[in-house]
Amino acid sequence: MLFVADAMLGKLSRWLRLVGLRVIYAPEELAVEDDDVIKLAARRKAVLLTRDEELAEKAKNYCRTFLVRSNDLRSQFREVAAAFKIKIPKRETQALCPKCGSRLERVPKKSVKTLVWPRVYARHNAFWRCGNARCAQIYWKGTHVREIRRVLKEIKTAGDEKRVTRARTA
Ligand SMILES: [Zn+2]
């Protein structure tokens, strides 16, 4: 499944990528105007994620659309996770680059020695690099992954969450 997220959902895009979902953040493809965002989602056969009711209404005729109700990142994530039955990744290596959405590759510790802060290098042993050469961002098992895991755990334990979300979006 592929998502296109509109300009209001940049942080949510990062989080979805972190749990391994393919997300195109519309402004990265220079799609900011409503029509361009809809065209992008339709062309890529993607599910359009938006917080804009007007946009969602218009988009429905052209692509699969999901209207995100909440203003809070954590709740937004829960809404999408519940609606699309997002599975909790077993390993953080399933994460895609939160910055650009490309695959991450595990890289030997030594190879990042000059690329990360000495403190980070000393504290961590597992490193990943974004496979997109233009991005090449380095990641390690830091606070970001821990945060994502915590959110995923919350989704898993909140049994009624799906029903609540559905009632709200109906
Ligand atoms: Zn990247």
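Quick note: structure is the one above.
Residues numbered from 1 in each chain as written. Predicted model: local features only at pLDDT ≥ 70, side-chain atom pairs only at ≥ 80, totals over all residues. Heavy atoms only, no water.

Enquirer: Break down the sheet that holds strand β6 (residues 127–130) for me, citing the residues and quoting the values.
Expert: Sheet architecture is open: three strands sit in the order β5-β6-β7, paired in antiparallel fashion. Edge positions in the sheet fall to β5 (104–107) and β7 (138–140), since each of these pairs with one other strand and no more. Recorded for the sheet is a direction-independent mean angle of 35° between the axes of neighbouring strands. Of the strand pairs in this sheet, β6 and β7 are connected by three bridges, and their pairing is antiparallel. Opposite Phe 127, over in β7, you have Trp 140 as the bridge partner. (Pairing = 2+ DSSP bridges. Helix = DSSP H or I, 4+ residues; strand = E, 2+ residues; numbered from the N terminus. Axes fitted to C-alpha atoms, helices over the stretch in contact; angles between N-to-C directions.)

Enquirer: Which residues make up the coordination of the zinc ion, and what values do they have?
Expert: Taken together, Cys 97 (SG), Cys 100 (SG), Cys 130 (SG) and Cys 135 (SG) make up the full set of protein donors to the zinc ion, lying 2.3 to 2.4 Å away. Read in sequence order, the donor residues coordinating the zinc ion give the pattern C-x2-C-x29-C-x4-C. Pair check on accessibility: Cys 130 and Cys 135 agree, each one buried. (Donors = N, O, S within 2.8 Å, 3.2 Å for Na, K, Ca; no water. Buried < 20%, exposed > 50% of the residue type's maximum accessible area, 1.4 Å probe, protein only.)

Enquirer: I'd like a description of the sheet that holds strand β2 (residues 22–25), backed by residues and values.
Expert: Strand order in the open sheet formed by four strands is β2-β1-β3-β4, with parallel pairing between adjacent strands. Lying at the two open borders of the sheet, with one neighbouring strand each, are β2 and β4 (65–67). Adjacent strand axes in the sheet meet at a mean angle of 25° when their direction is disregarded. Two elements, strand β3 (residues 47–50) and β4, share three bridges in a ladder whose sense is parallel. Considered in β4, the bridge of Leu 48 is made with Thr 65. Across the sheet, helix α1 (residues 10–18) lies against β1 (2–5), β2 and β3, angled at about 160° from β2, the strand it touches most. (Contact = heavy atoms within 4.5 Å.)

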